[in-house]
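Architecture at a glance
Given next are the chains, with one letter for each unit.
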Amino acid sequence: MTGTPDEISTNAFVPGGRRRHRRARVGRIGVRRALVLAMAVPVASATLAGTSAFAADDSAAKAQGISVDDLDADDAQLVKNLNERVADERLGSEVSGVVLDADSDTALWDHNGSTTLMPASNAKLATATTALTLLGAHHEFTTKVVYGDGTLTLVGGGDRTLTSDDVDELAKTAVDGLKAAGLTNVKVRVDDSLFADPSLAHGWNEGYYPTEVTPVRSLVVDGAAVNDTAINAGNVFAEKLAARGITVDGDVGRATAKPSDVPVAQHKSAPLSDIVKKMLKTSDNNIAETLLRMSAVELGKPATFEGGVELVRQVLSSYGVSLDNFEMYDGSGLSRADRIPAATLAQLLDAITESPALSSILDGLPIAGEAGASLGPEWGRFDDANSECAVGKVHAKTGTLTGAVALSGVTQTEDGEWRIFSFIENNSSADPSDIKDAMDGLAATVNGCWA
């Protein structure tokens, strides 16, 4: 944990290195971490002081919390356009959305914003916020090799980005030590005891394994899509040892490293900030579930779905994000039982834009038209006549499950105004690609390029 200031000035970074003036805050990440540490029970809900700008609104004809008559001409046109376009039949009847003016924190538009819907991978925004708050942007995950009783044990430390080249370096260091000691034969074991035994989250099914997500373990190499990533990692390690002249006795097995074992080698991951960016750009479910557990490990909580989600609730509450109608059962958003209102996601993004320590979340948001990210052309995003004008202008986290599409992020208008938005739809009968086209059009509307 670095204790990086959450906010130390009235300027907050936004995508592209621009700044926008924000109200000053005195909170620090370290203070929030201490607050979470002090919480002995899960937070049931959090109520913001005063009347929430996200309160339910029965009228789709005006922006939530503000009269259309009070808006300037551009914002009034935005509201008119959104009211028309959210009725697109491709989005179905279970659709919600919220748009905020980022500078004033005013809700410009709210359509069923407090309705609880499946957020899909938009839940990763909450997971990323929790990990960065509790671990710190510079945190590194350590994979170790220890030796004892004729055995080399590869100890998992929650590094979901560990590669076979990294393991080869561990093997090289271990072999140098073995040969210096006159040893040429060893057994190989793996220790993935940092996490509780893998289980299915509420709202998951076994059909997710191993393609959508693998059983969550603290040891994996090359992101292997296998059911036992720890044993697979051990086999890779054994192969690297053998290639360097060491005889590995028997099959790779599982064991817990002993306190008396001697440290032999270690590898540290890239900083957490880089890992968060990768998770968000590609919507990596496995990284998300690992970060949820590592957040729990950091605070001495059980490294389980439940232990991690308890901390998500506490961290979001510490940022003043409402937990009304908030239900989360995993770190990736794969759970079909997850429910997060669009208003909550918009409020979370607002908190993120005000916190420099969370800047890697903004940096990690996929950009419309960005190849290799989940808003890239290979996914058919922002490529129709209405939305293609927003290529390069919309930064947003995607979310897709059967029966759920979500898009939450930020965009800067031609006039330089930053807007925060969140859109979620559930159970539309339209083709998913058509749903995404309609949702991309809403984002282009918020940007103002589709006027």
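In this text, all values refer to a predicted model and were calculated from it rather than measured experimentally. (Residues numbered from 1 in each chain as written. Predicted model: local features only at pLDDT ≥ 70, side-chain atom pairs only at ≥ 80, totals over all residues. Heavy atoms only, no water.)

Bringing helix α4 (residues 164-180) into the picture now. Its 17 residues give α4 an end-to-end C-alpha distance of 24 Å, which sits within 8% of 24 Å, the value for a rise of 1.5 Å per residue. For α4, the elements touching its buried residues are β5 (142-148), β6 (151-155), β7 (185-191), α5 (229-243) and β10 (262-268). (Helix = DSSP H or I, 4+ residues; strand = E, 2+ residues; numbered from the N terminus. Expected span 1.5 Å × (residues − 1). Contact = heavy atoms within 4.5 Å.)

Turning our eyes to something else, we now look at the packing of helix α3 (residues 124-135) against helix α7 (residues 285-298). Following both chains from N to C, one finds α3 and α7 inclined at 35°, their axes separated by 9 Å at the closest point. Two packed elements cross with a definite hand, and for α3 against α7 that hand is left-handed. Note on element contacts: α7 touches α3 through Asn285, Ala288, Leu291, Leu292, Met294, Ser295 and Glu298, opposite Lys124, Thr127, Thr130, Ala131, Leu134 and Leu135. Of the residues in the contact of α3 with α7, the class split is seven nonpolar, four polar and two charged. (Axes fitted to C-alpha atoms, helices over the stretch in contact; angles between N-to-C directions. Left-handed = near helix turned anticlockwise from the far one by under 90°. Nonpolar A, V, L, I, M, F, W, Y, C, P; charged D, E, K, R; others polar.)

Scanning all chains against the criterion turns up one disulfide. Across the disulfide from Cys389 sits Cys449; the S-S distance is 2.2 Å. The chirality of the disulfide connecting Cys389 with Cys449 is right-handed, given an S-S dihedral of about 65°. Taken as a pair, Cys389 in the loop between α10 (359-364) and β11 (394-401) and Cys449 in the segment after α11 (432-447) lie far apart in primary sequence, 60 residues in all. (Disulfide = S-S within 2.5 Å.)

We now examine empty space enclosed by the protein. Empty space among the atoms becomes visible once a probe the size of a water molecule is rolled across them. Under the counting rule described, the total for this entry stands at three cavities of 30 Å³ or more. For the largest cavity, the full set of lining residues is Arg160, Thr214, Pro215, Val216, Arg217, Val220, Thr229, Asn286, Glu289 and Thr290. Top contributing element to the lining of the largest cavity by residue count: α7, with three residues. When the residues that make up the lining of the largest cavity are grouped by side-chain class, the tally is three nonpolar, four polar and three charged. (1 Å grid on protein atoms, 1.4 Å probe; cavity = no way out; pocket = protein on both sides within 12 Å on 5 of 7 lines; lining within 4 Å. Points joined across faces, edges and corners; volume = space filled by probe spheres on them.)

With 13 residues, helix α2 (residues 73-85) should cover 18 Å at 1.5 Å per step; its first-to-last C-alpha distance of 18 Å lies within 8% of that length. When we look at burial in α2, the residues that qualify are Asp75, Leu78, Val79, Asn81, Leu82 and Arg85. Across the axial projection of α2, the buried residues extend over an arc of 170°, all falling on one side. Where α2 is buried, its residues contact β3 (95-101), β4 (106-111), β13 (418-426) and α11. Two or three places before Asp74, at the start of α2, stands the capping residue Asp72, its side-chain oxygen 3.2 Å from that residue's backbone nitrogen. (Buried < 20%, exposed > 50% of the residue type's maximum accessible area, 1.4 Å probe, protein only. Arc of directions from axis to C-beta. Polar contact = N/O pair within 3.5 Å; in protein donor to acceptor, adjacent residues only side chain to side chain.)

Applying the stated criterion across every chain yields a total of 16 salt bridges. Its salt-bridge partner being Glu370, residue Lys281 comes within 2.9 Å of it at the nearest N-O pair. Pair noted here: Lys281 is in helix α6 (residues 272-282) and Glu370 is in the loop between α10 and β11, with a separation of 89 residues, a long-range link. As a salt-bridge pair, Lys301 and Glu310 come within 3.2 Å of each other at their nearest N and O atoms. With a relative accessible area of 16%, Glu310 lands in the buried category. Salt bridges linked by common partners bring Asp192, Arg217, Asp228 and Arg254 together as one network. (Salt bridge = Lys/Arg side-chain N within 4 Å of Asp/Glu carboxyl O.)

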